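Listed below, chain by chain, are the residues.
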Amino acid sequence: MALTQLNLGSELGLEVLHQRWYALILYQLAPVPTDFMELRRTVRGISTFNLLLRLNRLIAMGLIETIPADDYSYQLTNDGVQFHQILTTLEDWGNQQLTRDLSC
């Protein structure tokens with residue numbers, strides 16, 4: 001059997017999923033602004049410095065943006081909303097699997 005590689009787009013998507021903090025941050029955000037301190041409170045276990053690093057990387061990826069009038073609030077971009085939907089779809093799938101496993 002020949003090994004195949006994922007295309008670059010798939011690899012980027014998997015990188016975001018693989019990085020625990022990216023997924024947790026994206027899961028907490030919405031298309032409406034979220035204050036940094038609220039985000040800091042809801043994404044537990046990450047240092048403030050690492051949270052800021054991850055937020056900057058997600059901005060560079062085009063998944064989130066800061067609010068022009070308030071550099072301390074973040075929201076999902078259109079691409080971020082799409083990725084958030086992928087995360088919730090994965091969650092729904094996982095919940096179905098857990099329900100199926102528990103009913104056996």
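See the structure shown above.
Residues numbered from 1 in each chain as written. Predicted model: local features only at pLDDT ≥ 70, side-chain atom pairs only at ≥ 80, totals over all residues. Heavy atoms only, no water.

1. Some details on the side chain of Ser73
Thought 1: Position of Ser73 among the secondary structure elements: in strand 3 (residues 70-76).
Thought 2: The residues contacting Ser73, other than those within four sequence positions of it, are Pro33, Thr34, Asp35, Phe36, Glu65, Thr66 and Ile67. (Helix = DSSP H or I, 4+ residues; strand = E, 2+ residues; numbered from the N terminus. Contact = heavy atoms within 4.5 Å.)

2. Section: the environment of Glu38
Thought 1: Checked against the element boundaries, Glu38 lands in helix 3 (residues 36-42).
Thought 2: The exposure class of Glu38 is partly exposed, given its relative accessible area of 33%.
Thought 3: Considered as a pair, Glu38 and Ser73 are 35 residues apart in the sequence and their alpha carbons are 9.2 Å apart. (Buried < 20%, exposed > 50% of the residue type's maximum accessible area, 1.4 Å probe, protein only.)

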